[in-house]
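Coordinates in review
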Protein chains: 2
Amino acid sequence: MESRIDRIKKHLHSQSYKLTPQREATVRVLLENEEDHLSAEDVYLLVKEKSPEIGLATVYRTLELLAELKIVDKINFGDGVSRFDLRQEGAAHFHHHLVCIECGAVDEIQEDLLGDVEKVVENDWNFKIKDHRLTFHGICYRCQKQEDKEPTEQAINHT
Amino acid sequence: MESRIDRIKKHLHSQSYKLTPQREATVRVLLENEEDHLSAEDVYLLVKEKSPEIGLATVYRTLELLAELKIVDKINFGDGVSRFDLRQEGAAHFHHHLVCIECGAVDEIQEDLLGDVEKVVENDWNFKIKDHRLTFHGICYRCQKQEDKEPTEQAINHT
DNA sequence: TTTCGGGTTGATAATGATTTTAATTTGACA
DNA sequence: TGTCAAATTAAAATCATTATCAACCCGAAA
């Protein structure tokens, strides 16, 4: 964990940015909530618990900076807010997401499923891919189980 | 073209909505700019050219309605605005996008590239897919040609 | 024909996320 | 120690989007 912070620190330094206490607090929150998909506001509230003097604008600026350096990815699931997601270290590509339309849960797929598809796109469309975003919308395994037990109104209407 | 409007009209009627003149004007703008990815504001300005009395709120409401009925898809490329894209008639899935990080152009891929990937996700993650979003970020063929001729600063630094 | 009611609209106010501003603080370095 | 640029804060500003509400349209019932 510490080493991860250190590497991020070096990454910042290499672009002549500093890891200020505020930035460190923000990064720590991201590390401690790696499986969540926090909005800027979420991050702000969590950072505030440990460093109450931090300002919302600073959190926004830090997240923006981290996104520029590709330390985090800024994602958008269609609710009005941007969410921020740490990249796996050394990951060539951004991971994928499963968004449940029933319960809103967001699961991650770290595996790269797009290797073949990207080859097709690069060849057939002559497009040099730098990154991608892949999100599936559907029903997660938890809600599927739920529906088996106590069918919801929608589930009944589907038949 | 007219028949397309008619089908959309029927689609609306089937859910007991009307194709009011304002809604029709909005749909026409979408049809006439099918390859663009217009924001609500863009649509508003274009509709206003022919129907100056239309209100911004009405355009927003209409786009929202069309999105609900799956006539358009609401997409988000990470700039602050939602964009609206007509679905291909009868398309089971949403088409994909190529966003150029040099010039900002957005191209579409109508072909479904995700058939195999979706099978994997449904089986391995037990996730029932209803829809997807796939966007590639990279350099479009136009900008690649450009770089060959007159290399930009970035292009030089890449070497 | 008149009245009623629901759906629709347009102008405007309100909201909520994000960005900018201006003043202040910090920290490295001369 | 003094200086300067970067970073920070709180507050104001901005921008996209949504909610409000009075007015309107139009078909059905009286």
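All of these numbers come straight from a predicted model, not from anything done at the bench.

Time to look at the protein's contact with DNA strand D. Looking at DNA strand D, there are 19 residues lining it, with Thr20, Thr58 and Arg61 of chain A together with Tyr60 and Ser82 of chain B nearest. Within 4 Å of the protein, the contacting atoms of DNA strand D are 71% sugar and phosphate, with bases supplying the remainder. Side-chain polar atom of Arg61 of chain A to a base oxygen of DNA strand D: 3.4 Å apart, as the coordinates give it. Every element with two or more residues in the surface near DNA strand D is listed here: helix H2 (21-32) and helix H4 (56-68) of chain A together with helix H4 (56-68) of chain B. Here the residues of the surface near DNA strand D are counted per class, giving eight nonpolar, six polar and five charged.

Okay, the confidence of the model for chain A next. Per-residue confidence for chain A gives a mean pLDDT of 90, with 92% of residues at or over 70. Across residues 153-159 of chain A the pLDDT falls below 50, and counting only partners more than four positions away or on other chains, this stretch makes three contacts in the model.

We now examine the protein's contact with DNA strand C. Residues in contact with DNA strand C amount to 19 residues; listed here are only the nearest, Tyr60 of chain A together with Thr20, Arg23, Thr58 and Arg61 of chain B. Gln22 of chain B places a side-chain nitrogen or oxygen 3.0 Å from a sugar or linking oxygen of DNA strand C. Where the surface near DNA strand C is concerned, the elements lending two or more residues are H4 of chain A together with helix H2 (21-32) and H4 of chain B. Looking at which element gives the most residues to the surface near DNA strand C, the answer is H4 of chain A, with four residues. Tallied by class, the residues present in the surface near DNA strand C amount to eight nonpolar, six polar and five charged.

In this section: the interface of chain A and chain B. At the interface, 32 residues of chain A touch 32 residues of chain B. Taken together, the two surfaces of chain A and chain B that pack against each other cover about 2900 Å², and 69% of this comes from carbon and sulfur. A per-residue breakdown of the area chain A buries against chain B is headed by Trp125, Phe127 and Phe136 of chain A, which together make up 22% of the total. Joining chain A to chain B, the criterion identifies zero salt bridges. Summed over the shared surface of chain A and chain B, the result is ten residue pairs in polar contact (both at pLDDT 80 or more). Ranked by residue count, the leading element in the side of chain A that touches chain B is strand S6 (residues 128-139) of chain A, at twelve residues. Split by residue class, the side of chain A that touches chain B holds 18 nonpolar, seven polar and seven charged. When S6 of chain A meets strand S6 (residues 128-139) of chain B, the two strands line up antiparallel, connected through eleven bridges.

With that out of the way, let us pick up the nonpolar core. Judged by nonpolar contacts, the single largest core of 29 residues is most densely connected at Val121 and Phe136 of chain A together with Val121 and Phe136 of chain B. The set of elements that each furnish at least two residues to this core consists of strand S4 (96-100), helix H5 (115-124) and S6 of chain A together with strand S4 (96-100), helix H5 (115-124) and S6 of chain B. What Val121 of chain A contacts, discounting residues up to four positions off in sequence, is Asn126, Phe127 and Ile129 of chain A together with Leu98, Ile109, Leu113 and Phe136 of chain B.

Along the chain, Glu68 of chain A falls in helix H4. Taking the C-alpha atoms as reference points, Glu68 of chain A and Phe127 of chain A, separated by 59 residues in sequence, lie 22 Å from one another.

In this section: the packing of helix H3 (residues 40-50) of chain B against H4 of chain B. Any two packed helices are characterised by the angle at which their axes cross and by the distance between the axes. All names here are of chain B. Across the interface, H3 lies against H4 with an axial gap of 9 Å and an inter-helix angle of 120°. In terms of orientation, H3 lies oblique with respect to H4. Seen from above, H3 lies across H4 with right-handed handedness. Contacts between H3 and H4 pair Ala40, Val43 and Tyr44 from the former with Leu56, Val59, Tyr60 and Leu63 from the latter. Tallied by class, residues from the contact of H3 with H4 come to seven nonpolar, no polar and no charged.

With an axial shift of 0.1 Å and an RMSD of 0.2 Å, the rotation relating chain A to chain B amounts to 179°. When the rotation and shift are considered jointly, the pair of chain copies conforms to a two-fold rotation axis. The position closest to the rotation axis in chain A is occupied by the C-alpha of Leu134 of chain A, lying 2.3 Å away. When the interface residues of chain A are mapped onto chain B, 100% of them are again interface residues, pointing to one common binding face.

With that settled, consider the side chain of Thr62 of chain A. Inspection of the secondary structure puts Thr62 of chain A in helix H4. Beyond its immediate sequence surroundings of up to four residues, Thr62 of chain A is in contact with Arg23 and Thr26 of chain A.

Okay, the pairing of strand S2 (residues 72-76) of chain A next. Residue and element names in this part refer to chain A. Where S2 meets strand S3 (residues 82-86), five bridges bridge the pair, whose relative direction is antiparallel. Bridge pairing links Val72 to Leu86 in S3. Here S2 hands over to S3 after five residues, with Gly78 in that stretch at a positive phi of 100°.

Another aspect to go through is empty space enclosed by the protein. The final tally for this structure, using the stated rule, is two cavities of 30 Å³ or more. Space inside the largest cavity adds up to approximately 50 Å³. What lines the largest cavity is simply Leu30, Asn33, Glu34, Asp36, Leu38, Phe84, Asp85 and Leu86 of chain A. Ranked by residues supplied to the lining of the largest cavity, first place goes to S3 of chain A with three residues. What the second largest cavity holds in volume is close to 40 Å³. Around the second largest cavity sit Leu30, Asn33, Glu34, Asp36, Leu38, Phe84, Asp85 and Leu86 of chain B, which together line it. When residues in the lining of the second largest cavity are grouped by element, the largest group, three residues, is from strand S3 (residues 82-86) of chain B. The class makeup of the residues in the lining of the second largest cavity is four nonpolar, one polar and three charged.

Rules of the game
Residues numbered from 1 in each chain as written. Chains lettered and ligands numbered in written order. Predicted model: local features only at pLDDT ≥ 70, side-chain atom pairs only at ≥ 80, totals over all residues. Heavy atoms only, no water. Near = heavy atom within 4 Å. Polar contact = N/O pair within 3.5 Å; in protein donor to acceptor, adjacent residues only side chain to side chain. Helix = DSSP H or I, 4+ residues; strand = E, 2+ residues; numbered from the N terminus. Nonpolar A, V, L, I, M, F, W, Y, C, P; charged D, E, K, R; others polar. pLDDT = per-residue confidence, 0-100. Contact = heavy atoms within 4.5 Å. Buried area = accessible area lost by both parts, 1.4 Å probe. Salt bridge = Lys/Arg side-chain N within 4 Å of Asp/Glu carboxyl O. Pairing = 2+ DSSP bridges. Core = buried A, V, L, I, M, F, W, Y, C linked by side-chain atoms within 4.5 Å. Buried < 20%, exposed > 50% of the residue type's maximum accessible area, 1.4 Å probe, protein only. Axes fitted to C-alpha atoms, helices over the stretch in contact; angles between N-to-C directions. Parallel < 35°, antiparallel > 145°, perpendicular 65-115°, else oblique. Left-handed = near helix turned anticlockwise from the far one by under 90°. Least-squares fit on C-alpha atoms with pLDDT ≥ 70 in both. 1 Å grid on protein atoms, 1.4 Å probe; cavity = no way out; pocket = protein on both sides within 12 Å on 5 of 7 lines; lining within 4 Å. Points joined across faces, edges and corners; volume = space filled by probe spheres on them.

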